[in-house]
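Fold and contact review
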Amino acid sequence: MDKKVRVRFAPSPTGGLHLGGVRTALFNYLFAKKNNGTFVLRVEDTDQNRFVAGAEEYIVDCLNWCGITPDESPANPGNYGPYRQSERKPSYRKFAEQLISDGYAYYAFDTPEELDAKRKEIPNFQYGQATRMQMRNSLTLTISEVEDLLAAKTPHVIRIKVPEDEIVHFNDLIRGDVSFETSLVDDKVLLKADGMPTYHLAVVVDDKAMEITHAFRGEEWLPSAPTHILLWKYLGWETDMPAWAHLPLILKPDGHGKLSKRDGDRLGFPVYAMNWTDPAGHVTNGFKEMGFLPEAFVNMLALLGWNDGTDQELFSLKELEEKFSIERISKAGAKFDFEKAKWYNHEWIKVQSAAGLAPSVINELQKAGIEINDESFLNTIIDLIKDRCTLLPDFVAQSGYFFTSPKAYDVASVKPKWTEEKAAFFNAYSESLSLTDAITAEEAFKALAAEKGFKPGELMLPFRIMLVGGKFGPGVFDIAILLGLAETKSRIAKAIEAFNA
């Protein structure tokens, strides 16, 4: 590469950030890091009708949570700003007018009503080579008519004039040689009636101005590629055009079609990185709030369409930065598997230190009304139970009983086989209880059981339910040691009352 690598993630601030968008940002980020390049966040806010207040801040928060912080952005500008398209508005008209002067674009004065009428007249109407001479534009009007309309500030758009019967070729870094027939490409709008550019013009002008060397974007943008390549050529910038890489789609779990928010709603899993609240107040759930660690979320995304050629599945962000390569990106779409996503989270919880998990666990416990006063004790608990937790909220069920006595017991699991003799055993065990260590406590328990004529297995489940309220948790004697002598005795006494009732 003879130029310093510069890549960009260019989302529109119109709503929640889909995991496909985060993956695009991630691949841009990884490529930049691998090649000592620059990762740019550019906000494409030219569609003012769809702009949502707060969406830009939300996007930034999502990227920060994932750890893929841009080198340049609206909040951290470099030498290529502004980084919001709405602040670059004057530059777009200049280039649109240049295209008209050079014969590569034209003014179109068609009203919405005229366009609707044409759509009714012609099935699958496309404004392009076959229809442009039937419309009201600077190709069909006289020069004086066009000048009068412009002078009167008649609403109009500027459209690219796509050539007839040409083949547009380009090399995609993932797909190889790609070609399009221009006869199948319509005359896209470049500049809207409000003076704002469409994506097609803005992305080319901005990539040139920001010296972008590589453009990673989703496969769904492939049909737009010929328009963009023609614009690079028509503006005289063909030698500066970035290398293209169209990423494979993230597919529904059944593999049929692109994963959508509706699929997540229907199947009960998030598709947004973080919770998104729309202007109407409706909340769409995100991976963060469901209890995913950012390390797991990023790891999962990286392997949706990429692998390093080995059987390794767990990658830190640093490892991904070192191992990422375009050559290992798949052409085929990647099926999203929520169970696999949870597996990643479980594995990352297991390898995290207790101190690293503690802030997230404290947050979950506080949401459940449990305050933590001893973080050292909490860290001990986390190390004991983290292998049992798949999502962060699981820590509440798996650890809450260490901090508050059970409010209810799974009596149904004990009652059918509960006897006066068992109650007597636990009263006797409580009297003689000594909790020096888990092994000694278990030996004493088994010895007393044998003395009273019980098999230890008959008594272990009731003992567990006495301490935690249900059939879950780590080793029951480990629990007792951590609860301490007084608390263990208290819980045995309360549970015997509940079981005898």
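How each quantity is defined
Residues numbered from 1 in each chain as written. Predicted model: local features only at pLDDT ≥ 70, side-chain atom pairs only at ≥ 80, totals over all residues. Heavy atoms only, no water. Helix = DSSP H or I, 4+ residues; strand = E, 2+ residues; numbered from the N terminus. Rg over C-alpha atoms; globule rule 2.2 N^0.38 Å. Buried < 20%, exposed > 50% of the residue type's maximum accessible area, 1.4 Å probe, protein only. Contact = heavy atoms within 4.5 Å. Areas by Shrake-Rupley, 256 points an atom, 1.4 Å probe, with all protein chains shown as cover. Lys, Arg positive; Asp, Glu negative; His and termini not counted. Charge placed at Lys NZ, Arg CZ, Asp CG, Glu CD. Phe/Tyr/Trp six-rings, centres within 6.5 Å; stacked < 30°, edge-to-face > 60°. Axes fitted to C-alpha atoms, helices over the stretch in contact; angles between N-to-C directions. Parallel < 35°, antiparallel > 145°, perpendicular 65-115°, else oblique. Left-handed = near helix turned anticlockwise from the far one by under 90°. Nonpolar A, V, L, I, M, F, W, Y, C, P; charged D, E, K, R; others polar. Salt bridge = Lys/Arg side-chain N within 4 Å of Asp/Glu carboxyl O.

Each helix and strand in the protein chain was counted, giving 20 helices and 13 strands. Scaling as 2.2 N^0.38, a compact globule of 501 residues should have a C-alpha radius of gyration of about 23 Å, whereas the protein chain reaches 32 Å, well beyond that. Along the three orthogonal principal directions, the C-alpha set of the protein chain runs to about 110 × 50 × 40 Å. Across the 501 residues in the protein chain, those meeting the buried criterion constitute 50%. Considering only contacts in the protein chain between residues 6 or more positions apart, those separated by 24 or more positions represent 72%. Carbon together with sulfur atoms contributes 50% to the accessible area of the protein chain, which is approximately 23,100 Å² in total. In the protein chain, 57 positive and 71 negative side-chain charges are present, and the distance between their average locations comes to 2 Å.

We now examine the side chain of Glu56. With respect to the secondary-structure elements, Glu56 resides in helix α2 (residues 55-66). Beyond its immediate chain neighbours, meaning those up to four positions away, Glu56 contacts Pro13, Val43, Pro74 and Arg84.

On inspection of all chains with the given rule, the structure shows 40 aromatic pairs. Ring geometry for Phe377 against Phe403: centres 5.7 Å apart, planes inclined by 85 degrees, an arrangement best described as edge-to-face. Here Phe377 is found in helix α14 (residues 375-385), whereas its partner Phe403 is found in the loop between α15 (394-399) and α16 (420-432), with 26 residues between them in sequence. Look at Phe403 and you get partly exposed, because its relative accessible area is 24%. Pairing Tyr429 with Phe445 gives two aromatic rings, centres 5.1 Å apart and planes at 90 degrees, and the pair type is edge-to-face. Highlighted residues: Tyr429 in helix α16 and Phe445 in helix α17 (residues 438-452), separated in sequence by 16 residues. Residue Tyr429 is classed as buried on the basis of its relative accessible area, which comes to 2%. Linked through ring pairs, Tyr409, Trp418, Phe425, Phe426, Tyr429, Phe445, Phe454, Phe463, Phe477 and Phe499 together constitute an aromatic cluster.

We now examine the packing of α16 against α17. Orientation of α16 relative to α17, taken along the N-to-C sense of each, is 140 degrees, at an axis distance of 11 Å. Here α16 is positioned oblique relative to α17, judged by the angle of their axes. Note on packing geometry: the crossing formed by α16 with α17 is right-handed. In this structure, α16 contributes Phe425, Phe426, Ala428, Tyr429 and Ser432 to the contact, and α17 contributes Ala441, Ala444, Phe445, Leu448, Ala449 and Lys452. Here the contact of α16 with α17 is composed, by residue class, of nine nonpolar, one polar and one charged.

Another point: the pattern of salt bridges. If you walk through the whole model with that rule in mind, you get 31 salt bridges. Residues Glu121 and Lys118 are paired through a salt bridge, measuring 3.5 Å at the closest nitrogen-oxygen approach. Residue Glu121 and its partner Lys118 are both found in helix α4 (residues 112-121); the two are separated by three residues, about one turn of the helix. The buried category is assigned to Lys118, whose relative accessible area is 11%. We note a salt bridge from Asp383 to Lys386, for which the minimum N-O separation is 3.7 Å. Linked by salt bridges that have partners in common, Arg8, Arg42, Glu44, Arg88, Asp206 and Asp207 make up one network.

In short, shape yes, function no, at least from these values alone.
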